[in-house]
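If you want the building blocks of each chain, they are given just below.
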Amino acid sequence: MFLSDVLPASIAWNPEAGDLVLLGVALDDLAIAETVLATLPAKARGQVFVEAASESEVRAVAAPGRVCVTWLLRDRGQSLTSAVDAWLAEMLPVEFDREHRVYAWISGESSARAILS
């Protein structure tokens, strides 16, 4: 059994083709996010927010080209909750003729889930 088989399964990571992906992780859960990122197809699109205490904890994180990794630093007043809420507000606009879908997992949640507009 590979680590990549265990970690995505532990959060029930199973996005549909075409889903935007969102990962919001505390530094302690970065290994889960990195494993999920390694399993994404090259054409995946989305956002990863990583919350850390300070800049000294920031490091490179490999992700598909259309997935942006943003570090949030608590010592600068940045918050994972605020960043996730703002991103979802932008990426899940209310449109009557189109449904928007984001597949997300946030640290502290037991499993990933689809969020629809």
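The structure presented is a predicted model; accordingly, all values stated were derived computationally and were not measured. (Residues numbered from 1 in each chain as written. Predicted model: local features only at pLDDT ≥ 70, side-chain atom pairs only at ≥ 80, totals over all residues. Heavy atoms only, no water.)

Digging into the nonpolar core
Among the nonpolar cores identified, the biggest contains 22 residues, and Trp13, Leu23, Leu30, Leu37, Leu40, Val67 and Trp105 are the most heavily contacted of them. When residues of this core are assigned to their parent elements, the largest contribution, five residues, is made by helix α2 (residues 30–39). If sequence neighbours within four positions are ignored, Leu37 has contacts with Leu23, Val48, Val61, Ala62, Ala63, Pro64 and Val67. Of all hydrophobic cores here, the second largest spans 14 residues; its members include Leu20, Leu22, Val102 and Ile115. (Core = buried A, V, L, I, M, F, W, Y, C linked by side-chain atoms within 4.5 Å. Buried < 20%, exposed > 50% of the residue type's maximum accessible area, 1.4 Å probe, protein only. Helix = DSSP H or I, 4+ residues; strand = E, 2+ residues; numbered from the N terminus. Contact = heavy atoms within 4.5 Å.)

Digging into helix α3 (residues 80–91)
Taking 1.5 Å per residue, twelve residues should reach 16 Å; α3 reaches 16 Å between its end C-alpha atoms and fits that length. All of the buried residues in α3 are Leu80, Ala83, Val84, Trp87 and Leu88. Viewed end-on, α3 has its buried residues packed into an arc of 125°, placing them on one side of the element. Projecting away from the buried face of α3 at angles above 90 degrees are the exposed residues Thr81, Ala89 and Glu90. (Expected span 1.5 Å × (residues − 1). Arc of directions from axis to C-beta.)

Some details on the pattern of salt bridges
A complete count under the given rule lists five salt bridges for this structure. Arg59 is the partner of Glu34 in a salt bridge, and the nearest nitrogen-oxygen pair spans 2.9 Å. Residue Glu34 is located in helix α2, and its partner Arg59 is located in the loop between β2 (45–52) and β3 (66–73); the two are separated by 25 residues in the primary sequence. The partner of Arg76 in a salt bridge is Glu55, with the nearest N and O atoms 2.8 Å apart. Of the two residues, Arg76 sits in the loop between β3 and α3 while Glu55 sits in the loop between β2 and β3, which places them 21 residues apart along the sequence. Take Arg76 and Glu55: they sit in the same class, and that class is exposed. Through salt bridges that share partners, Glu16, Asp19 and Arg101 make up one connected network. (Salt bridge = Lys/Arg side-chain N within 4 Å of Asp/Glu carboxyl O.)

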